[in-house]
Amino acid sequence: MATIRYDGRDLPVAPGESVLDCLLRNEIQVSHSCKAGACQSCLIRCTSGNVPASAQFGLKDTLRARGYFLACSLKPEGDIAVATANNVRVEARITGLDRLSRSVMRVRLQTTEPIEYFAGQFVSVFREDGLARSYSLASLPAEGDLELHVRHIPNGAMSGWLHAEAQLHTSLWLQGPSGSCFYTPGSTDQPILLAGAGTGLAPLYGIARDALYQGHKAPVWLFHGAVTPEGLYLTRELSALEHEFPNFHYVRCVLRDSDTPEVEVNELDKSILGKFKSLAGWRGYVCGDPALVNLLRKKLFLAGMASKAIFADAFVPSASV
Amino acid sequence: MSTATQTELPLFEKLGGAAAVDAAVDIFYRKVLTDDRISDFFDGVDMDRQAAKQKAFLTMAFGGPNNYTGADMRRAHAHLVARGLNDSHFDAVVENLGSTLKELGVSDDLIGQVAAIAESTRADVLSR
């Protein structure tokens, strides 16, 4: 008889029973709705064992890559281990604090044990006193240190501390990674569009470099927006990347005060749709402020991008500042 | 395959099953989002979650496997009824559903069967 390992328990699966039904029978809370593989409410992650393609039908590539499947659609034939959340924390030390713009600090971290992640995912960062915030990973796993872009938020507890008080070598704790906004190899002839404002650039910077270094062949367009040119950052690095990779294109948009032809005065969505009539067949990544993320993904979708090919990460502000 | 077997196939299989739902969902959702009669109801919703709901709806309307009850339908749409959801909006959705299937080359007969299933949820969706 097959068993499901969940949270340290081995649960025997009844004949013909799905992973979802088995967990529910054992009084484990799993969100679910249609029980027919359509609504995707019962998404769960496999940490060991085999998941047939039929249990991942209709899921985004980034979810498949991380072992996610629909608990209602898998009747296990062999043993399988599943997890609903990742609660493991890893210690990390601050190895770099440098200013990328007046309001954005690059924080580099070295973990005491390696963590597996994809560029563009996010981690929750815990200070010693328990204060926690989530930040996206701009670094690539091969680079060693993790890189976060922290925008100074007025009266922000974590960002204020990281900008003004935190010292090198200070210990922090990381939980995660989480998020499904990252590059998956394959389809190297599929054009990629990345768009975001402010520190939405952090995950996009990671994802763009990940795609290029993994040999993505088709054009990769990165649109970075800010209110004024002061809010743009990593401009030198991104321009250098344009020289290194002929298929990489970097567009800067501001709402006002541009004094150079390299910086467009335009809204992000208008800049994008002004350049491409149809985005059918493209893959898109949108990150940053939730209102902008929602607007962009709707516009990209209506311009023909498949809903399954749009990966979004909305930065939800902390309610406690 | 004999014609007798073909006519006995359930509607969901005739339409092409889960793959047909997958093919229809983006076309249908784009129509709904750009239809001025109903697009306001979709303002500010999470697109990923909404696309999954559209899939669940299409699966049901295609006669596919689902466990939705009338009570589920009422609960899911109550907040929209409070915002003024009425017959004209319901009709618009059914119309978009039909034109989606037409675009995918589905026969009028099968479109009629899908519309009838959608129609059977009207009272619950509109909390009557």
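A few points on the structure. If you're wondering where the values come from, they're calculated on a predicted model, not measured in any experiment.

A word on the sheet that holds strand 3 (residues 43-48) of chain A. Think of a sheet as strands paired side by side through backbone hydrogen bonds, with each pair either parallel or antiparallel. Residues and elements named next belong to chain A. Sheet architecture is open: 5 strands sit in the order 2-1-5-3-4, paired in mixed fashion. Because the sheet does not close on itself, it has two edges, and the strands there are strand 2 (9-12) and strand 4 (68-70). The average angle at which neighbouring strand axes cross in this sheet is 40°, direction not considered. Inspection of the sheet shows strand 3 paired to strand 5 (residues 80-83) by 3 bridges, in the antiparallel sense. Residue pairing in the sheet places Arg45 in a bridge with Ala83 of strand 5.

We now examine the interface of chain A and chain B. In this complex, chain A contributes 20 residues to the contact, which on the side of chain B involves 22 residues. Both faces combined, the contact of chain A with chain B buries some 1,700 Å², and carbon together with sulfur accounts for 56% of it. When the buried area of chain A at its contact with chain B is split by residue, Arg297(A), Lys298(A) and Phe301(A) rank highest and sum to 31% of it. Here chain A is connected to chain B by 5 salt bridges. Its salt-bridge partner being Arg297(A), residue Asp48(B) comes within 3.7 Å of it at the nearest N-O pair. Run the count over chain A and chain B and you get 7 residue pairs in polar contact (both at pLDDT 80 or more). Class assignment of the residues belonging to the side of chain A that touches chain B gives a composition of 9 nonpolar, 6 polar and 5 charged.

Quick look at the side chain of Ser124(A) now. In this structure, Ser124(A) sits in strand 8 (residues 122-126). If we ignore the near neighbours within four places in the chain, the residues touching Ser124(A) are Arg133(A), Ser134(A), Trp173(A), Leu174(A) and Gln175(A).

This brings us to the pairing of strand 8 of chain A. Moving residue by residue along a regular strand, the side chains alternate between the two faces of the sheet. Residue and element names in this part refer to chain A. Of all 5 residues that make up strand 8, 4 are buried, and the element is covered over most of its length. Sheet analysis places strand 8 next to strand 9 (residues 132-136), joined by 5 bridges and oriented antiparallel. Pairing of Ser124 across the sheet is with Ser134, part of strand 9. Between strand 8 and the antiparallel strand that follows it, strand 9, lie 5 residues; Gly130 among them carries a positive phi value of about 100°. Alignment of strand 8 against strand 11 (residues 171-178), held across 4 bridges, turns out to be antiparallel. Looking across to strand 11, one finds that Ser124 is bridged to Gln175.

Next up on the list: the sheet that holds strand 13 (residues 220-226) of chain A. Residue and element names in this part refer to chain A. Here we have 6 strands laid out as an open sheet, ordered 15-14-13-12-16-17, and parallel in their pairing. Looking at strand neighbours, the two that pair on one side only are strand 15 (263-265) and strand 17 (310-314), the edges of this open sheet. Ignoring which end each strand starts from, the neighbouring axes of this sheet average 20° apart. With 3 bridges joining them, strand 14 (residues 248-254) and strand 15 adopt parallel strand pairing. Its bridge partner lying in strand 15, Arg252 is registered against Val263. On the sheet, helix 5 (residues 235-244) packs against strand 13 and strand 14 and is oriented at approximately 150° with respect to strand 14. Sheet strands in contact with helix 7 (residues 290-302) are strand 12 (192-197), strand 16 (283-288) and strand 17, and its direction is about 170° off that of strand 17.

What counts and how
- Residues numbered from 1 in each chain as written.
- Chains lettered and ligands numbered in written order.
- Predicted model: local features only at pLDDT ≥ 70, side-chain atom pairs only at ≥ 80, totals over all residues.
- Heavy atoms only, no water.
- Pairing = 2+ DSSP bridges.
- Helix = DSSP H or I, 4+ residues; strand = E, 2+ residues; numbered from the N terminus.
- Axes fitted to C-alpha atoms, helices over the stretch in contact; angles between N-to-C directions.
- Contact = heavy atoms within 4.5 Å.
- Buried area = accessible area lost by both parts, 1.4 Å probe.
- Salt bridge = Lys/Arg side-chain N within 4 Å of Asp/Glu carboxyl O.
- Polar contact = N/O pair within 3.5 Å; in protein donor to acceptor, adjacent residues only side chain to side chain.
- Nonpolar A, V, L, I, M, F, W, Y, C, P; charged D, E, K, R; others polar.
- Buried < 20%, exposed > 50% of the residue type's maximum accessible area, 1.4 Å probe, protein only.

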